Amino acid sequence: MPMKGPQPPFVPRPGGLSDADKRELGSRWYDWFQDSPTPMWVEDFGGVAARFRALSAEGVPDVARWLRNRPEEARVLAKEVRILSANRAAAELFEVADPEELCGDLEIGFGEESYGPFLEELVRIARGQRRFSVDILGLTLSGKRRYLRMHWTAAPGHEEDLRFVYLSAVDLTELVQTEGVLRNAVKAKDYLLREIQHRVRNTLALIDSLLDMQADAFPAAGAALADSARRVESLAIVHDSLYKRADYSLAGLRDCVEGVARQVFDALGDASRDELAIEVVDAELRVERAAPLSLIVGELVANAVEHGRSEGSARVRLRARAGEGGALSLSVEDAGPGLDWAAASASGRGLGLALVDALADQLGGRLGAAAGSEGVGCRVSLEIPPDDR
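The structure contained in this document is the topic of the report that follows. (Residues numbered from 1 in each chain as written. Predicted model: local features only at pLDDT ≥ 70, side-chain atom pairs only at ≥ 80, totals over all residues. Heavy atoms only, no water.)

**Remarks on helix α7 (residues 115–126)**
Going by this rule: Secondary structure counts use DSSP, requiring at least four H or I residues in a row for a helix and at least two E residues in a row for a strand, with both numbered from the N terminus. Expected span of a helix, by definition, is 1.5 Å for each gap between consecutive residues, and there is one gap fewer than residues. Buried means the residue's accessible area, taken with a 1.4 Å probe over protein chains only, is under 20% of the maximum for its type, while exposed means over 50%, and partly exposed covers the values in between. For this analysis, residues touch if any pair of their heavy atoms sits within 4.5 Å.
In a regular helix each residue adds 1.5 Å, so twelve residues correspond to 16 Å; α7 covers 16 Å between its end C-alpha atoms and thus fits that length. Along α7, the positions that sit buried rather than exposed are Pro 117, Phe 118, Leu 119, Glu 121, Leu 122, Val 123 and Ile 125. Where α7 is buried, its residues contact α3 (46–57), α4 (63–69), α5 (73–78), β3 (131–139), β4 (145–154) and β5 (165–171). Gly 128 occupies a position one or two residues after α7 and carries a positive phi of about 95°.

**Quick notes on the side chain of Gln 34**
Within the fold, Gln 34 resides in helix α2 (residues 27–35). Discounting residues that sit within four places of it in the chain, Gln 34 has contacts with Ser 85, Ala 86, Asn 87, Arg 88 and Pro 99.

**Concerning the pattern of salt bridges**
The following threshold applies: What makes a salt bridge here is a side-chain nitrogen of Lys or Arg within 4 Å of a carboxyl oxygen of Asp or Glu, nothing more.
Counted under the stated rule, the structure contains 15 salt bridges. For the salt bridge of Asp 135 with Arg 149, the shortest nitrogen-to-oxygen distance reads 2.6 Å. Note that Asp 135 is positioned in strand β3 and Arg 149 in strand β4, a separation of 14 residues in sequence. A network of salt bridges, in which partner residues are shared, links Glu 279, Arg 317, Arg 319 and Glu 333.

**Side note on the packing of helix α9 (residues 222–244) against helix α10 (residues 253–268)**
Worth spelling out the cut-off: Axis definition: a line fit to C-alpha positions, over the contact stretch in the case of helices; interaxial angles, taken between N-to-C directions, run 0 to 180 degrees. The crossing is said to be left-handed when, going from far helix to near helix, the turn is anticlockwise and less than a right angle, and right-handed when the turn is clockwise. Residue polarity follows a fixed list, in which Ala, Val, Leu, Ile, Met, Phe, Trp, Tyr, Cys and Pro are nonpolar, Asp, Glu, Lys and Arg are charged, and the others, Gly among them, are polar.
Between α9 and α10, the least distance of the axes is 9 Å, while the angle of their chain directions is 145°. For the element pair α9 and α10, the recorded crossing hand is right-handed. Contacts between α9 and α10 involve Arg 230, Glu 233, Ser 234, Ile 237, Val 238, Ser 241 and Lys 244 from the first element and Asp 255, Cys 256, Gly 259, Val 260, Gln 263, Val 264 and Leu 268 from the second. Grouping the amino acids of the contact of α9 with α10 by side-chain chemistry returns six nonpolar, four polar and four charged.

**Description of the packing of aromatic side chains**
Going by this rule: Note on aromatic contacts: the rings of Phe and Tyr and the six-membered ring of Trp form a pair at centre separations within 6.5 Å, being stacked when their planes are under 30 degrees apart, edge-to-face when over 60 apart, and tilted otherwise.
Under the definition given, this model contains three aromatic pairs. Arranged with centres 5.9 Å apart and planes meeting at 65°, the rings of Trp 41 and Phe 94 form a pair that is edge-to-face. Of this pair, Trp 41 sits in strand β1 (residues 40–44) while Phe 94 sits in the loop between α6 (88–93) and α7, placing them 53 residues apart in sequence. Ring centres of Phe 45 and Trp 152 lie 5.4 Å apart, and the angle between their planes is 85°; this geometry places the pair in the edge-to-face category.

**Section: the pairing of strand β2 (residues 82–86)**
Our working rule: By this definition, two strands are paired if DSSP reports at least two bridges between them.
Counted residue by residue, β2 has five buried out of five residues, so it is predominantly covered. As paired elements, β1 and β2 share four bridges and run antiparallel to each other. Residue pairing for β2: Val 42 is matched across the bridge by Ser 85.

Encoded structure:
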């Protein structure tokens, strides 16, 4: 593609530093440059600088934006850059025998995927930056990829004409490849965890179905089996919440508490006369806490629906709040005849409330019971301390 506008007054050399160039750069600096273990180049961006000046003379107000709108210009301007010198470390990086083989145009080390990063380089130059870093993808002589972080600096005294530009490279190839391996491993782990969660959920659903079948086959044990099925379904709700989260070790407080409460209320309550009010904040908690907490919610709501009726209807209010450090507050209130929690022995409470006691101990929580907010019914509260993990 021919370049529009006046031709640049500076014509880059085909390659290599002249003796005069070496004297300008300094013989000591040149020796250090060649012996440095860091891959380094001296490049001539004079043609690029001349092109930018020509564009400004033609009335282009923002050369950087002009380049953004014409990414194909990167191919044109790449031909204006010349490598004047490269050190031995650069030759080793690109697998050439002699650093002089790198001199000249950008044929070695420059591939199809290099034009995007090169465009970013040009945009920065057009914005007046004379010292910056950019990540590029280079190719060795044999076609191997090299992920490089290039440090670009205009030589002192050449900030305008860009006849001498110093470049050094940090080879990030091993780091990028390792990162790719780790990323793939994380994806595989995520897939495996999702599959495990899915299978656990299916297994719980199967157990739930088996319990329902047994309840049909043994009517005398129907109530006990139905309670067991309800508890299994509470655990399934926890796993549903885990399945929807980015972090599979964390469940949603609202998903678990509200999900279990509604599941129990739908199973035991009467929608035409019973009421369930829920106030739950959204927070995350570890599965080790989510499972016992969900079971506690299920038991307390079931107890409120079954034993907290007044004049034939049940009015249940559930509240759950999260505090600092993972502390949790839970309360379930009904408007029934009330329950003397302290007077009831563990054996007299039945399996459900005995299970609440055991699970509260597991969470390190403190259970309490009092009259409801309106002076009637029972309000059971659970305070769980901050999570120490």
